[in-house]
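Notes for the structure review
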Amino acid sequence: MNCGTMTKCETPASTVEQARAGQTYVPRVDIVEQGDEMLIFADIPGVTAQNVDIDFDKGALTITGRVPQRRNGHTREVFSEYGVGDFRRTFQVGDGFDASQFHAEISHGVLTLHLPKAQSLRARKIAVKGA
Amino acid sequence: MFTLMRNPTMRPYHDVAREMSRMLDAFANRAPFDSMFDAAVTFPALNLWEDDHKVFVEAELPGVAAKDVEVKVHGNELHIFGKRESTSGDKRNFQRQERVFGEFSRMISLPTPVDAEKIEATLKDGVLTVILPKAETAKARKIAVKAV
């Protein structure tokens, strides 16, 4: 497992509850604050909308992407530079977000998660009244 | 820009560095972090397998549009190159940035001659699959043994 910039990282065994056989991987993410929401972009190649689960429980947001096997069992490996398996990663989300408004979409193996800020934390313009 | 070169003589050193990096990372569910050895890593990583009739090459290219990838075969060399455009929006407000963007290029030698006219490449859910039918001369065949 190499956790450099361009390689795929295995999930450390200590943090994974294995539901099935096989290694899981930590997706690379970008987290960007944009307007009234926080955006999480996660690279989960091979995962479709039907195969992604997003759970939010006690401030912990967990992304799980199930990856079906792509290689036919009757073939022979010549070389392998990366592993194929499910993706999983958990984020701690602070109180300032409106969990009821969380939503996500997936396109070309990239999951985009929208975490809207709670009303009380949104930037607002204060009107200045004339005397 | 991450068009990188591979120097096979350095490979064992990078493998050791990678393993050390892995052990350090194994303590937490945390972001992959950069190391000085990254320059030795090639992108995208490739998996290659075969059956009796075809060679299969696969790469993970999440967020890459089909129009931004090119696959070329010249003789025995397979060349996969293109660019990955950033989709993460406004760079000023990054809280975390682990995904990399830019141009990429990989060239590998194929294990057997292939029929260049019949190569198929598909990009689905961020996974590129190239299927290369083996040239007739390269296919395994069963030789009938005649009784005399």
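For the structure, check the block above.
Note that this is a predicted model, so its numbers are computed, not measured. (Residues numbered from 1 in each chain as written. Chains lettered and ligands numbered in written order. Predicted model: local features only at pLDDT ≥ 70, side-chain atom pairs only at ≥ 80, totals over all residues. Heavy atoms only, no water.)

1. Describing the overall build of chain B
Going by this rule: Working definition: helices are DSSP H or I runs of at least four residues, strands are E runs of at least two. Numbering for both runs from the N terminus. Exposure categories follow from relative accessible area, calculated using a 1.4 Å probe and restricted to protein chains: below 20% of the type maximum is buried, above 50% is exposed, and the middle band is partly exposed. Here a residue-residue contact requires only that any non-hydrogen atoms of the pair lie within 4.5 Å. Each accessible area is a Shrake-Rupley result for a 1.4 Å probe, and residues are judged covered by the shown protein chains and nothing else.
Along its length, chain B carries one helix and eight strands. In chain B, buried positions account for 39% of the 148 residues. By sequence separation, contacts in chain B at least 24 residues apart represent 55% of the contacts at least 6 residues apart. By element, 57% of the accessible surface of chain B is carried by carbon and sulfur atoms, the whole surface being about 8900 Å².

2. Things to note about the sheet that holds strand β4 (residues 77-84) of chain B
Residues and elements named next belong to chain B. We apply this condition: For two strands to be treated as a pair, DSSP must find no fewer than two bridges joining them. Angles shown run from 0 to 180 degrees and are taken between the N-to-C directions of axes, each axis being a line fitted to C-alpha atoms and, for helices, limited to the stretch in contact.
An order of β3-β4-β6 is seen for the three strands of this open sheet, with the pairing classed as antiparallel. Single-partner strands in this sheet number two, and they are β3 (69-74) and β6 (102-109). Going across the sheet, the axis of each strand differs from the next one's by a mean of 10 degrees, ignoring polarity. Two elements, β3 and β4, share six bridges in a ladder whose sense is antiparallel. Across the sheet, residue Lys72 finds its bridge partner in β4, namely His79.

3. With respect to the packing of aromatic side chains
How we decide: Each Phe, Tyr or Trp ring (for Trp, its six-membered ring) is paired with any other whose centre lies within 6.5 Å, and the angle between the two planes then decides the class: stacked below 30 degrees, edge-to-face above 60, tilted in between.
Evaluated as defined, the whole model comprises three aromatic pairs over all chains. A ring pair is formed by A:Phe56 and A:Phe102, whose centres lie 5.1 Å apart and whose planes are at 70 degrees; its orientation type is edge-to-face. One end of the pair, A:Phe56, is in strand β5 (residues 52-57); the other, A:Phe102, is in the loop between β8 (86-92) and β9 (103-107), and 46 residues separate them in sequence. The class of A:Phe56 is partly exposed, set by a relative accessible area of 35%. A relative accessible area of 18% places A:Phe102 in the buried class. Between the aromatic rings of B:Phe43 and B:Phe104, the centroid separation amounts to 5.8 Å while the plane-to-plane angle is 70 degrees, which identifies the pairing as edge-to-face. Pair noted here: B:Phe43 is in the loop between α1 (11-25) and β1 (46-50) and B:Phe104 is in strand β6, with a separation of 61 residues, a long-range link.

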